[in-house]
Amino acid sequence: DAATAKELACREVGSVPAVGTTGTVNSPLLRARTMTLGPLTVDDPLFIGVDFSGISAALGEKIAGVIGFPVIWRAVTEIDAESGAISLHDPATSDALAAAWSPLTLYNRHSCMPARFEGHEGIFVLDTGAGSSSVIFHAPTTEKLGLLKHRATSDAMIGGVGGFAAARAGEVEWFELASVRFEHLPVRFATDAKGAMADAYLMGNIGGALLKDRVLIVDYQAGRFALVERRAPAR
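Here the structure is a predicted model, which is why all the values come from computation and not from measurement.

Caption draft 1: View of the pattern of salt bridges. What the rule picks out here adds up to 8 salt bridges. The shortest N-O distance in the salt bridge between Glu7 and Lys62 comes to 3.3 Å. You can see Glu7 sitting in helix α1 (residues 2–7) and its partner Lys62 sitting in the loop between α2 (53–59) and α3 (69–72), a full 55 residues away along the chain. The burial state of Glu7 is the same as that of Lys62; both residues are exposed. Residue Arg151 pairs with Glu118 through a salt bridge whose shortest N-O separation is 3.0 Å. Placement of the pair is Arg151 in the loop between α4 (139–144) and β13 (154–160) and Glu118 in the loop between β10 (110–117) and β11 (120–127), with a sequence separation of 33 residues. In this structure Glu118 comes out as partly exposed when scored by relative accessible area, which is 24%. Through salt bridges with shared partners, one network takes in Arg116, Glu176, Arg181 and Glu183.

Caption draft 2: Geometry of the confidence of the model for the chain. Of all residues in the chain, 95% attain a pLDDT of 70 or more, and the chain-wide mean is 88. Highest mean pLDDT in the chain belongs to α4 (96); lowest belongs to α3 (80).

Caption draft 3: Structural detail: the nonpolar core. Within the largest apolar cluster, 29 residues are counted, with the highest numbers of intra-cluster contacts made by Phe124, Phe137, Phe175 and Leu177. At the level of elements, α3, β10, β11, β12 (135–137), β14 (163–177), β15 (180–190), β17 (214–219) and β18 (224–229) are the ones that each hand at least two residues to this core. With residues up to four places along the chain from it excluded, the contact list for Phe124 reads Ser111, Cys112, Met113, Ala115, Phe117, Val135, Phe137, Phe175, Met203, Gly204, Asn205 and Ile206.

Caption draft 4: Molecular detail of unusual backbone geometry. You will see that Ala178, though not glycine, has its phi angle at about 50 degrees, which is positive. If you trace the backbone, Ala178 turns up in the loop between β14 and β15. Positioned with a positive phi, His184 is a non-glycine residue whose angle comes to about 50 degrees. Positionally, His184 belongs in strand β15. His184 gets classed as partly exposed once you look at its relative accessible area, which sits at 49%.

Caption draft 5: Just the sheet that holds β18, in detail. The strand order β7-β6-β17-β18-β8 describes an open sheet built from 5 strands, whose pairing is antiparallel. Sheet topology places β7 (85–89) and β8 (102–103) at the edges, where each strand pairs with a single neighbour. As paired strands, strand β6 (residues 76–80) and β7 are joined by 5 bridges and run antiparallel to one another. Across the sheet, Val76 pairs through a bridge with His89, a residue of β7.

Caption draft 6: Highlighting the packing of aromatic side chains. Under the counting rule described, the total for this entry stands at 7 aromatic pairs. Between Phe117 and Phe175 the ring centres are 6.3 Å apart and the planes differ by 20 degrees, which places this aromatic pair in the stacked class. In this pair, Phe117 sits in strand β10 while Phe175 sits in strand β14, placing the two residues 58 residues apart along the sequence. Accessibility assignment for this pair places Phe117 and Phe175 in one class, buried. The interplanar angle of 75 degrees and the centroid separation of 5.9 Å between the aromatic rings of Phe124 and Phe137 together place this pair among those described as edge-to-face.

Caption draft 7: Summary view of the pairing of β14. Pairing analysis gives 3 bridges linking β10 to β14, with the strands arranged antiparallel. Bridge pairing in β14 links Phe117 to Phe175. In the sheet, β14 pairs with β15 via 10 bridges, with the strands oriented antiparallel. Bridged to Trp174 within β15 is Glu183. The antiparallel hairpin formed by β14 and β15 contains 2 residues in its connecting segment, where Ala178 sits at a positive phi of about 50 degrees.

Rules and cut-offs
The residue numbers shown here count from 1 along each chain, following its written sequence. This being a predicted model, a pLDDT of at least 70 is required before a residue's local features are given, and a value of 80 or more before pairs of side-chain atoms are given or counted; all residues contribute to the totals for chains, interfaces and linings. With hydrogens and water excluded, all non-hydrogen atoms of the structure serve as input to the side-chain values. Any Lys or Arg side-chain nitrogen located within 4 Å of an Asp or Glu carboxyl oxygen qualifies as a salt bridge. What counts as a helix is a DSSP run of H or I of at least four residues, what counts as a strand is a run of E of at least two, and both are numbered from the N terminus. Between buried and exposed lies partly exposed: a residue is buried under 20% and exposed over 50% of the maximum accessible area for its type, with that area taken using a 1.4 Å probe on protein chains only. Known as pLDDT, the predictor's confidence for each residue is given on a scale from 0 to 100. For this analysis, a nonpolar core means a set of buried residues of the types Ala, Val, Leu, Ile, Met, Phe, Trp, Tyr and Cys, connected via side-chain atoms within 4.5 Å. Contacts between residues were defined by any pair of non-hydrogen atoms, one from each residue, lying within 4.5 Å. A pair of strands counts as paired when DSSP detects no fewer than two bridges linking them. In this analysis, rings of Phe, Tyr and Trp, with Trp reduced to its six-membered ring, are considered paired at centre separations within 6.5 Å, and the interplanar angle assigns stacked below 30 degrees, edge-to-face beyond 60, and tilted for intermediate values.

Structure (structure tokens):
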């Protein structure tokens, strides 16, 4: 968050365009001394300054920032969105997790993974920050595959960095990710080709709502991810 960075006296070293859900904003590049997350410490981390005041107001809690690729690629990261827990594992010991791994692709420094739905297959970007959505199909995918034809939909909106864009809310008969099949899945179809929703290489976004019944493990350095059943709490 740009205001938080100012409070912490982070040093501005340049600027960069930040691409959000529906647009692009020019943002400052900021340098801090260290950043620590659990057992992991990063020296001289580089941040992008973005105004998170709107998100903070919506959540009712001050959001200092977003932890992304430059931090979690250094560890094997286990994310349990339902319990709100994250575990960082040493990559050298990741095989001890005994997970059934699937291929993970990096595209523009984002986690991307293959998925299938209704006879189609392609690459989707993982967007864990979209906690209330399951899958959002990009506008080029919606148009190219004719996903709105013969499908009951209703008006919807997609929001994020850059503002809001129109979409349609509907349902796909099935969606499969890492051999996990989701039946009659509520999704959204982007209709405005803006920001990230205009990316024609990726078919869409996979949001946090799709992962709520599973634990996600990402291993960037080995190019793999896994969805595992949530462990029952110890008695």
